[in-house]
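Here are the chains, one letter per residue:
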Amino acid sequence: MASIRGVSVKSLGLKDNKSALPYLLLAPGLVYLAVFFIYPIVSLGQMSTKTSSGEIGQYKQSFRFANYVDAFLESKEQFSRSFIYATIATILALAIAYPLAYAIAFKSGRWKNVLLVLIVAPFFTSFLLRTIAWKQILGEEGPVIKVLRGLHIISPQTSLTATSFAVVTGLAYNFLPFMTLPLYASLERIDPRTLEASGDLYANGFTTFRKVTLPLSMPGVVAGTLLTFIPAAGDYINAAILGSPSNKMLGNVIDARFFKIVDYPTAAALSFTLMAAILILVTVYIRKAGTEELV
Amino acid sequence: MKKLTRWLSKNLIRVYAFLGFTYLFIPVFYTFAFSFNDAGRSNLVWKGFTLKNWKNPCGAPDICMALGNSLKIGLISTILATILGTLIAFALGRYKFAGRSTTNLLIFLPMATPEIVLGASLLTMFLNLGITPGLVPTIIAHVMFCISFVVVTVKARIASLDPRLEQAAMDLYANEWQTFRRVTLPLVAPGIAAAALLSFSLSFDDFIITNFNSGTVNTFPKFVYTAAARGIPAQANVIGSSMFFIALIVVIAGQILSNKRKAKI
């Protein structure tokens, strides 16, 4: 009876199990996430409506929802900047990563695995070190600015660091592997014969791409843009290292509120707003793009 | 000239890919090159070639203590997250049960939440409970954000298994436990190894969440970030480059191992 249960292997390979086993497998991990992910978010929500009780770092609950209005009005500039920078960086990363993923999926032959490892490899050098390296490369002593000034492409007064250009390219650079891997995964699944069929039906290269390749790779585009946009919108390292005070993003404000100003309720309100804004955007985006199975 | 344009249009995508990889690797190369810089305290300008940073990687004050903490946190977090995440992946990949979509959502949410929110919320909770930030809160935080990545990685591997292999084992009178131990687990093992490697690299490289929850405990990314203000010692480049090469060796060794196993089958 135990050996061949009709239900044990269905087309999906999922077992219809009435026993407690799946719940036993889930319990430790899900309890962990409930205690150390859900509960902290609730704590953050509670903190966001507290007010100071006089002493530094001591707060009492007074359900002051105006904290949100105050926090937003004080930092709406950084707020919108975060979303603008993240959007540009995501588009930039998509433009760089798509041909890269395409080349690995269709043109790399037996080098495929090596190239995939190379996509992830920069991750292993600390991302802070790489961001600082960017600062040096683009900086006053670096090679890029010397070449650009030597060729009179930019004026001697123009700098590359401490600009929004530096912050956005830093963001696009740092999250590039998050964009490339999902794109590769969805491109690799495309049967090359569908592309041949399109050619047989007199579609040229561009039409084939627009009508066949791109639609089939949409799940990868959606997953990649989300995996890039979300961390980019919440990032403050690139703005801190590559930007000037006028390039500060929302993350920098939250960081400063927590550690320099010690104003936890405002920091909590800002964090909550950031999370809510991202979740709303992500939900709308997934609905529009029409892919549900992301996890 | 005509030849060149024809070659370019034929190989455009390869040229583009080459440029893409160059873009990816310039900062890595820069970090590696400056690990040989004879620069003293601030490693900003090239002063001359030396091996002394590689001979004495712990030469900068506190750097190896920070590295030790990062390794400790990474190792413990990886083990815990891999166990918890793999169990969830098996439940999701193998069973139908009520509450499936809620579980999927709970796994997806930590990945869709910016790190700064994760870090800030945990710190708020720890402060509310009167727990001082430090090593244990940092490990708790790292396990939390690694679990989802483990689940996704291992689940993908389970989904790609051929169900007929397990069926065959059952036909040969293996009971469920034997099937799991002798067939399923060895087949899923590469996925678990990949998940562990991913967890370790996420944990080792994390700055934002760590900065919120580690208090006075220093880690390697924290060391680099603090040092950035006054110039990073070249030893940091030595450690960053070493991690790069070690990880590359681990990945390549794993690839060779799995190729050998495939050849055996």
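For the structure itself, look to the data block above.
Thresholds, definitions, all that
- Residues numbered from 1 in each chain as written.
- Chains lettered and ligands numbered in written order.
- Predicted model: local features only at pLDDT ≥ 70, side-chain atom pairs only at ≥ 80, totals over all residues.
- Heavy atoms only, no water.
- Helix = DSSP H or I, 4+ residues; strand = E, 2+ residues; numbered from the N terminus.
- Rg over C-alpha atoms; globule rule 2.2 N^0.38 Å.
- Buried < 20%, exposed > 50% of the residue type's maximum accessible area, 1.4 Å probe, protein only.
- Contact = heavy atoms within 4.5 Å.
- Areas by Shrake-Rupley, 256 points an atom, 1.4 Å probe, with all protein chains shown as cover.
- Lys, Arg positive; Asp, Glu negative; His and termini not counted.
- Charge placed at Lys NZ, Arg CZ, Asp CG, Glu CD.
- Salt bridge = Lys/Arg side-chain N within 4 Å of Asp/Glu carboxyl O.
- Polar contact = N/O pair within 3.5 Å; in protein donor to acceptor, adjacent residues only side chain to side chain.
- Nonpolar A, V, L, I, M, F, W, Y, C, P; charged D, E, K, R; others polar.
- Disulfide = S-S within 2.5 Å.
- Core = buried A, V, L, I, M, F, W, Y, C linked by side-chain atoms within 4.5 Å.

Student: Describe the overall build of chain A, listing the residues and the values that go with them.
Tutor: Secondary structure summary: chain A contains 14 helices and three strands in total. Relative to its length of 295 residues, chain A is extended, with a C-alpha radius of gyration of 24 Å against a globular reference of 19 Å. Dimensions along the principal axes, computed over C-alpha positions, put chain A at roughly 70 × 70 × 35 Å. Buried positions account for 50% of the 295 residues belonging to chain A. By sequence separation, contacts in chain A at least 24 residues apart represent 66% of the contacts at least 6 residues apart. As displayed, chain A has an accessible area near 14200 Å², and 66% of this comes from carbon and sulfur atoms. Side-chain charges in chain A split into 25 positive and 16 negative, and the spacing between the mean points of these groups amounts to 3 Å.

Student: So what's going on with the interface of chain A and chain B? Residues and values would help.
Tutor: Interface size is often expressed as the accessible area that is lost when the parts come together. Taken residue by residue, the interface counts 87 residues in chain A and 87 residues in chain B. Here chain A is connected to chain B by zero salt bridges. Linking chain A to chain B there are seven residue pairs in polar contact (both at pLDDT 80 or more). The leading source of residues in the side of chain A that touches chain B is helix α1 (residues 21-48) of chain A, at 20 residues. Taken together, the residues that form the side of chain A that touches chain B break down as 63 nonpolar, 13 polar and 11 charged.

Student: Mind laying out the state of the cysteines, listing which residues take part and the relevant values?
Tutor: Residues and elements named next belong to chain B. One pass over the structure, following the stated rule, counts one disulfide over all chains. What pairs with cysteine 58 in a disulfide is cysteine 64, and their sulfur atoms sit 1.9 Å apart. An S-S torsion of about -85° defines the bridge between cysteine 58 and cysteine 64 as left-handed. On the basis of relative accessible area, cysteine 58 is assigned to the partly exposed category, the value being 44%. Of the residues examined, cysteine 64 reaches a relative accessible area of 26% and is grouped as partly exposed.

Student: I'd like a description of the nonpolar core, backed by residues and values.
Tutor: With 151 residues, the main nonpolar core has Met144(B), Ile147(B) and Val224(B) as its most contacted residues. Top contributing element to this core by residue count: helix α3 (residues 76-107) of chain A, with 15 residues. In contact with Ile147(B), other than residues within four places in its own chain, are Gly29(A), Tyr32(A), Leu33(A), Ala81(B), Leu84(B), Gly85(B) and Ile88(B).

Student: Can you tell me about the pattern of salt bridges, naming the residues and giving the values?
Tutor: A side chain of one charge can pair with a side chain of the opposite charge if their charged atoms are brought near each other. Residues and elements named next belong to chain A. The final tally for this structure, using the stated rule, is nine salt bridges over all chains. With its nearest N and O atoms 2.5 Å apart, the salt bridge here joins glutamate 74 to arginine 257. Of this pair, glutamate 74 sits in helix α2 (residues 66-74) while arginine 257 sits in helix α13 (residues 250-259), and the two are 183 residues apart along the sequence. With relative accessibility at 51%, the residue glutamate 74 sits in the exposed group. What makes arginine 257 buried here is its relative accessible area of 16%. Here arginine 149 ties to glutamate 140 by a salt bridge, and the two come within 3.4 Å at their closest N and O atoms. On the basis of relative accessibility, which here comes to 40%, the residue glutamate 140 falls in the partly exposed class.

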